[in-house]
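Descriptive analysis of the structure
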Amino acid sequence: MTQVRNSTSAVEQYANLIPMSEIASNADQLFPFPIFNSLRQNTPVRYDEARSCWDVFRYEDVHYILKNPKLFSSERGSGTLQGSILTMDPPRHTKMRNLVNKAFTPKAVKDLKNKIEEVTLYLLDQVKEKGTMDLVHSLAGPLPVIIIAELLGVPAKDRDLFKTYSDVLVAGAKDNSNEAFQRMAQKRKEGSEFLKEYFKKIILERKVNPEEDLISLLLAAKIDGEKLTEEEVLSFCVLLLVAGNETTTNLITNAVRYMTEDKNIQEQARTNLPLIPKLVEEALRFYPPIQAIGRVTKEQVKVGGKTIQKGEQVICWVASANRDEQKFTEPNRFTLERKLNPHLSFGFGIHFCLGAPLARLEAEVALLTLLSTFAKLEGVKGTELEAIPSPFVFGVKRLPLKF
Ligand code: HEM
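The structure presented is a predicted model; accordingly, all values stated were derived computationally and were not measured. (Residues numbered from 1 in each chain as written. Predicted model: local features only at pLDDT ≥ 70, side-chain atom pairs only at ≥ 80, totals over all residues. Heavy atoms only, no water.)

Following Pro90, the chain continues to Pro91 via a peptide bond in cis, the omega torsion being 5 degrees. With respect to the helices and strands, Pro91 occurs in the loop between strand E3 (72-73) and helix H4 (92-103). One non-glycine residue, Glu330, lies in the positive phi region at around 45 degrees. Among the structural elements, Glu330 can be located in the loop between helix H15 (318-321) and helix H16 (356-373). (Helix = DSSP H or I, 4+ residues; strand = E, 2+ residues; numbered from the N terminus.)

Put into structure tokens, the structure is as follows:
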């Protein structure tokens, strides 16, 4: 029988949450790529009975699905993100996207650069003298939360409270068991209820006294004379927390994890800091924070020669597509020399990640500051990394570092 676990995480409500049976151990979760390589060669498009969904492993097929929202829907049945932009199809998605785009411009992101630098320096100052830190706890976790709070206009006095509940929203399951996932789902539900109530209050305040923040902009923005409802502004705020925090945390952590695994790359970046944006792109391709994206077929379709009936769940394995030898030369090599890097880690097409410029900027600032503050970044010998047990998120729970 199919087990369907309820969860409020953006990425985890695409399909039921059971991990693929092929990727079960911690070691495989930490490095699933050989398994993806073999699945891509042997069963590029396949139906998995245990999870009741289709898996798609090749770049060309994943790209085709993401590019065709007419055939592959993003709408989901339930969950916190129901009614959010991520789970909408056109024409509603197009309207909503145009609207939030106005408030979430590259310029708004660029204006945050100083703040990102300031917060990164502050966070590293707390651990600088210690010689060791857990990167997730000390930098990669707090940085995105603090920046989103800033973007949304959360008053400084509420930041701690806000972080506590945001952490609950993105906390992973303790292990791979069904019970652990149920407990995680319950905690996330409570966290999201709290944040919704919290944002409701801020929305009411901003309606009366607008400020220069994203919430005020969203409340004021209009398309064809139509404003967003309070409920829509609310679900957008929660989406930003869910979709933007854990992902950016994992981008920073995965990039630093790679640098501890490959001293050569660390050295190349350290001696040529302008290469950092390339390092971030290659880390996105190589260790993608979201390894899979889900869709539901809107009619009978053919993918990679297989016929898929209407209403089926399709999981697009970005982590596999990003290493497809048909698309990338030497896909299993991490290199700062790629001229083009069309990875799919931020998705593709109409749902392409709205937060990509912000995530890239935060990662670039974090890596630049780490490399210029510490003469070396090393993993701690004897500590085995623990993968986040999720079929959709790719990351580690902690990254102990010596510097
Ligand atoms: C959409 C990944 C950071 C906001 C997406 C999608 C992916 C993604 C794969 C497309 C999902 C789909 O097609 O169903 C990532 C990664 C991030 C990141 C890997 C960090 C490295 C952020 C941040 C924010 C954000 C920082 C906001 C502050 C969004 C929003 C959407 C989205 C609003 C929905 C766009 C739409 O449906 O039109 N993200 N994201 N993301 N992301 Fe991100």
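Our focus in this paragraph is the site of the ligand. Of all residues adjacent to the ligand, which total 28 residues, the nearest are His93, Arg97, Arg295, His351 and Cys353. Between the ligand and Ile85, the relevant distance is 3.4 Å, taken from an oxygen atom to a main-chain nitrogen or oxygen of the residue. Arg97 has a polar side-chain atom sitting 2.7 Å from an oxygen atom of the ligand. Every element with two or more residues in the shell around the ligand is listed here: H4, helix H12 (230-261), strand E7 (292-297) and H16. The greatest single-element share of the shell around the ligand, amounting to 7 residues, is contributed by H12. Here the residues of the shell around the ligand are counted per class, giving 18 nonpolar, 8 polar and 2 charged. (Near = heavy atom within 4 Å. Polar contact = N/O pair within 3.5 Å; in protein donor to acceptor, adjacent residues only side chain to side chain. Nonpolar A, V, L, I, M, F, W, Y, C, P; charged D, E, K, R; others polar.)

Take the coordination of the iron atom of the ligand next. Among protein atoms, the single one acting as a donor to the iron atom of the ligand is Cys353 (SG), 2.3 Å away. Position of Cys353 among the secondary structure elements: in the loop between H15 and H16. (Donors = N, O, S within 2.8 Å, 3.2 Å for Na, K, Ca; no water.)

Turning our attention to the nonpolar core. Residues Leu135 and Phe199 are the most contacted members of the largest nonpolar core, which totals 98 residues. Looking at this core element by element, the count peaks at 13 residues for H12. When near neighbours in sequence (up to four residues on either side) are disregarded, Leu135 contacts Ala140, Gly141, Ile252, Thr253, Val256, Leu370, Leu399 and Leu401. Counting residues in hydrophobic clusters, the runner-up holds 20 residues, among them Val45, Leu71, Ile308 and Ala321. (Core = buried A, V, L, I, M, F, W, Y, C linked by side-chain atoms within 4.5 Å. Buried < 20%, exposed > 50% of the residue type's maximum accessible area, 1.4 Å probe, protein only. Contact = heavy atoms within 4.5 Å.)

Counted by the stated rule, this structure contains 20 aromatic pairs. Here the aromatic rings of Tyr258 and Phe286 are separated by 5.3 Å at their centres, their planes lie at 70 degrees, and the arrangement is edge-to-face. Residue Tyr258 is found in helix H12, and its partner Phe286 is found in helix H14 (residues 276-286); the two are separated by 28 residues along the sequence. Considered together, Tyr258 and Phe286 belong to a single accessibility category, that of buried residues. By way of ring pairs, the aromatic residues Phe31, Phe33, Phe36, Phe57, Tyr258, Phe286, Tyr287, Trp317, Phe334 and Phe394 are connected into one cluster. Here the guanidinium or amino end of Arg285 rests over the ring plane of Phe328, the centre of that ring lying 5.3 Å away. Over the ring of Phe286 we find Arg323, and its NZ or CZ is 3.7 Å from the ring centre. (Phe/Tyr/Trp six-rings, centres within 6.5 Å; stacked < 30°, edge-to-face > 60°. Lys NZ or Arg CZ within 6 Å of the ring centre and 35° of its normal.)

Before going further, it helps to spend a moment on the state of the cysteines. This model, assessed by the stated rule, comprises 0 disulfides. In this structure Cys237 is not part of a disulfide, and its nearest cysteine sulfur, from Cys353, lies 16 Å away. Its sulfur unpaired, Cys316 is 11 Å from the next cysteine sulfur, which belongs to Cys53. (Disulfide = S-S within 2.5 Å.)

Assignment of secondary structure puts Glu312 in the loop between strand E9 (306-308) and strand E10 (313-317). Given a relative accessible area of 23%, Glu312 falls into the partly exposed group. Considered as a pair, Glu312 and Gln300 are 12 residues apart in the sequence and their alpha carbons are 9.1 Å apart. Sequence-distant contacts of Glu312, that is, excluding residues within four places in its chain, are made with Tyr47, Trp54, Arg295, Val296 and Thr297.

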